[in-house]
Amino acid sequence: MRLLNYVGGKWLPGEERGVPLVDPTLGIELARASTIGIDFGAGLEHARRAGGTELRALDYATRAALLGKIAEVLLANKKDYYEIALANSGSPEGDAAIDIEGAIFTLQYFARAGSVLGNAKMLLDAGLVKLGKDDGFQAQHMLTPVRGVAVLINAFNFPSWGLWEKAAPALLSGVPVLVKPATSTAWLTQRMVEDVVKSGVLPEGALSVVCGDAGNLLDVLTPDDLVSFTGSADTAMRLRGHTNVLRNSVRMNVEADSLNSCLLGPDVKAGSPEFELFVNEVVREMIVKAGQKCTAIRRIIVPLGLADAVTQALTALLSKTSISNPRNKDVRMGPLVNYQQLASAQEGLSRLKQDTRVLLDGGAPSFKLVDADPSVGAFLAPTLLYCANPLNASHVHNVEVFGPVATLLPYKTRDEAIVLARRSQGSLVASVFSDDADFLSVAALELANIHGRVLAVNTDVGASQTGHGNVMPMCLHGGPGRTGGGEELGGLRALGFYHRRSVIQGPVNVLSKVGVSATTFNI
Ligand code: NAP
């Protein structure tokens, strides 16, 4: 099967043989993707002219309703998406649900949230600003939708959610989307775009997809276009340094590597409810999507006196994880997405081992696969490491192993715990488990400026908390430093990236005309 690109209003296969997409469990080829011969420049121009113009002619509430219709299209085809995720990403049903249901939930959220903006077509940023003695001449800051294309360059691990969590605020803003999914798992993204385009829900040109090499895509971006990138810090650096991106000051949002931590408070006793909540959260984060989640827990920070108890509790649960062919309903964890990722995880693991000793060896033969061949599938079992001297270690705070791998870091004092959590040089999320409200609040404030999100958990919210790894559309996603300095979601704050802020200075009667089709919303 060839994955068809959809650009310039045409379905195009790309030339030559293309790159194979492979089933990571069975090792068989599923499809091929090629962008050779695709005219990215013409495709973007079509999206700007056709898609952008049509979308901007609609108001926010109408575009919000379109998001609801996209969610309906996806719901109607959901069964096929689970099959594609199973084949192409090796995802058991629970892992696929995070990607697929997460996308639908996010679209539905933005459909509801966007409807409150009503029939406006742009946003006023606060009120009039008086500039001099004369009230007749004032200034109005405003946010107008950009007139280019939102180019979404996505990572392999969320082919569905990664598309829609970005496309929802872009389309709501009136900005057309061109998505370039990671080639290895592009099938699900391509199929969803195909279903939505063929449903006719969106204006022509509002949604395009290219599957395969990015070719000269970055060379043909204009100052009106935007890039929203998710992937590794290395690729992000290359994209940021691209000559045309620099020349045209192309706005870019980056979501990259992250060394997230989970911190157990000094007040917690072994076996207590907070202890159980902590252990269950770590286990879930290590095995969901086989640890291939940007928000997964990589560093487990625990009081030195509890290190043995935490080790025992984690190894007991992790060693029971059934790993194998995700077609088997009893299997909790499938393979990594391909052999390249397995090799990359093993290489990272060998670096982590320079700082650590192994508590649970995911490469050990004792991990029996239920019904899969380890010489064919890209399997890695949960691996738990222990770093005895985390303050002086380097790799554990720097190497992101994108798989079911995490390291226990013991601390002696509260201050040391905070220092260790902050060592990530910028991460997406840190979570803190404690029943001491003072410790939770102090830790949250100490960690906030180096993380996009801090999750504080005590027993009161044990059942209702949304989880360390779950990205909620109403909350911010992103992080400083190593993780890219980007911001996504956060409710209607997400619209900020797809609008330009400018100020208009002039006679107040002109400013009131300018504001006629706008609503005030401070982003
Ligand atoms: P990657 O290798 O950096 O690839 C990401 C995307 O960039 C892919 O679509 C890739 O296309 C594309 N790409 C590569 N070189 C390019 C170039 N020169 N020009 C334009 N596009 C280019 O990352 P990955 O292996 O897919 O994803 C894993 C990484 O993503 C991890 O480090 C993880 O932490 C990070 N991640 C972060 C978040 C977050 O929200 N912070 C979420 C998910 C994942 P091809 O596939 O065609 O090479």
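These numbers come from a predicted model, not from an experiment.

Student: I'm lost on the overall build of the protein chain in this one. Help?
Tutor: In terms of regular secondary structure, the protein chain is built from 15 helices and 23 strands. Taking 523 residues into account, the globule formula puts the C-alpha radius of gyration at 24 Å, and the protein chain, at 24 Å, falls close to it. For the protein chain, the C-alpha atoms occupy an extent of roughly 70 × 60 × 40 Å along the three principal directions. Taken across its 523 residues, the protein chain has 58% of its residues classed as buried. Put simply, of all contacts in the protein chain between residues at least 6 apart along the chain, 76% involve residues at least 24 apart. Taken as a whole, the protein chain presents about 20300 Å² of accessible surface, with 53% of it coming from carbon and sulfur.

Student: Mind showing me how you'd approach unusual backbone geometry here?
Tutor: For residues other than glycine, phi is negative in most cases, and the peptide bonds are mostly trans. Here the phi dihedral of E16 falls at roughly 60°; this positive angle occurs in a residue that is not glycine. Here E16 is to be found in the loop between β3 (10–12) and β4 (19–22). Exposure remark for E16: the relative accessible area of 59% places this residue in the exposed category. Despite not being glycine, A126 has its phi angle at roughly 65°, a positive value. Relative to the elements of secondary structure, A126 occurs in strand β6 (residues 122–130).

Student: Can you walk me through helix α11 (residues 339–352) in this structure?
Tutor: Residues spaced three or four apart along an α-helix point in a common direction, a consequence of the helix completing one turn every 3.6 residues. Across its 14 residues, α11 extends 20 Å between first and last C-alpha, which sits within 8% of the 20 Å expected from 1.5 Å per residue. Check the buried side of α11 and you find it contacts β16 (383–386), α12 (395–398) and β17 (405–411). Among the residues of α11, the N-terminal cap falls to N338, whose side-chain oxygen and the backbone nitrogen of Q340 are separated by 3.2 Å.

Student: Help me understand the pairing of strand β8 (residues 150–153) in this model?
Tutor: A regular strand places its side chains so that they alternate between the two faces of the sheet. Residue alternation in β8 divides its side chains into two sets, A150 and L152 and V151 and I153, and both sets are buried. Two strands pair when backbone bridges link them, and β8 and strand β9 (residues 177–180) are joined in this way by four bridges, in the parallel orientation. Residue pairing in the sheet places L152 in a bridge with V179 of β9. In this fold, the crossover linking β8 to β9 by way of helix α5 (residues 161–173) has right-handed handedness. Of the pairings in the sheet, the one linking β8 to strand β11 (residues 226–230) comprises four bridges and is parallel in character. Paired with I153 across the strands is F229, a residue of β11.

Student: Whenever I open this one, a nonpolar patch on the surface confuses me. Can you help?
Tutor: A grouping of V129, L131 and F137 is seen on the molecular surface, where their side chains present a nonpolar patch of about 240 Å² in accessible area. Following the sequence through the fold, L131 ends up in the loop between β6 and β7 (137–145).

Student: Quick question: what am I supposed to make of the site of the ligand here?
Tutor: What surrounds the ligand is a group of 27 residues, the closest being N154, T183, S232, T235 and E400. A182 places a polar main-chain atom, nitrogen or oxygen, 3.4 Å from an oxygen atom of the ligand. One nitrogen or oxygen atom from the side chain of D257 is found 2.8 Å from an oxygen atom belonging to the ligand. Summarising the interface, the protein chains cover 81% of the accessible area of the ligand, which totals 910 Å² for the free molecule. Every element with two or more residues in the shell around the ligand is listed here: β11 and α7 (233–240). Ranked by the residues each element gives to the shell around the ligand, the list is headed by α7, at three residues. Partitioning the shell around the ligand into residue classes produces twelve nonpolar, ten polar and five charged.

Student: Just checking my understanding: could you explain the sheet that holds strand β14 (residues 299–303) for this structure?
Tutor: Each strand in a sheet pairs with its neighbour through backbone hydrogen bonds, running either in the same direction (parallel) or in the opposite one (antiparallel). Taken together, the seven strands give an open sheet; going across it, the order is β15-β16-β17-β14-β13-β18-β19, and neighbouring strands pair in mixed fashion. With partners counted over all chains shown, the strands left at the sheet margins are β15 (357–360) and β19 (451–457), one partner each. In this sheet, adjacent strand axes meet at a mean angle of 25° when their direction is disregarded. Contacting β13 (261–264), β14, β16, β17, β18 (427–433) and β19, helix α9 (residues 273–287) runs over the sheet at an angle of about 165° to β13. Along the sheet face, helix α14 (residues 437–448) touches β13, β18 and β19 and points at about 170° away from the line of β19.

Student: Sorry if this is basic, but what is going on with helix α13 (residues 414–422) here?
Tutor: What α13 keeps buried is the set E416, A417, I418, L420 and A421. Contact partners of the buried residues in α13: β13, β14, α12, β17, α14 and β19.

Student: What is the right way to look at the packing of aromatic side chains in this model?
Tutor: Here a ring pair, both rings aromatic, is described through the centre-centre distance and the interplanar angle of the planes. This model, assessed by the stated rule, comprises six aromatic pairs. Seen from their ring centres, F158 and W161 are 5.2 Å apart, and the 65° between their planes marks the pair as edge-to-face. With relative accessibility at 7%, the residue W161 sits in the buried group. Arranged with centres 5.0 Å apart and planes meeting at 85°, the rings of F497 and Y498 form a pair that is edge-to-face. The class for Y498 is buried, based on a relative accessible area of 4%. A cation over an aromatic ring shows up here: K198 above the ring of W11, its NZ or CZ 5.3 Å from the ring centre.

Basis of the calculations
- Residues numbered from 1 in each chain as written.
- Predicted model: local features only at pLDDT ≥ 70, side-chain atom pairs only at ≥ 80, totals over all residues.
- Heavy atoms only, no water.
- Helix = DSSP H or I, 4+ residues; strand = E, 2+ residues; numbered from the N terminus.
- Rg over C-alpha atoms; globule rule 2.2 N^0.38 Å.
- Buried < 20%, exposed > 50% of the residue type's maximum accessible area, 1.4 Å probe, protein only.
- Contact = heavy atoms within 4.5 Å.
- Areas by Shrake-Rupley, 256 points an atom, 1.4 Å probe, with all protein chains shown as cover.
- Expected span 1.5 Å × (residues − 1).
- Polar contact = N/O pair within 3.5 Å; in protein donor to acceptor, adjacent residues only side chain to side chain.
- Pairing = 2+ DSSP bridges.
- Right-handed = clockwise from strand over helix to strand, strands pointing away.
- Patch = residues over 30% accessible without salt bridge, like charges linked within 9 Å, V, L, I, M, F, W, Y side chains within 5 Å.
- Salt bridge = Lys/Arg side-chain N within 4 Å of Asp/Glu carboxyl O.
- Near = heavy atom within 4 Å.
- Nonpolar A, V, L, I, M, F, W, Y, C, P; charged D, E, K, R; others polar.
- Axes fitted to C-alpha atoms, helices over the stretch in contact; angles between N-to-C directions.
- Phe/Tyr/Trp six-rings, centres within 6.5 Å; stacked < 30°, edge-to-face > 60°.
- Lys NZ or Arg CZ within 6 Å of the ring centre and 35° of its normal.

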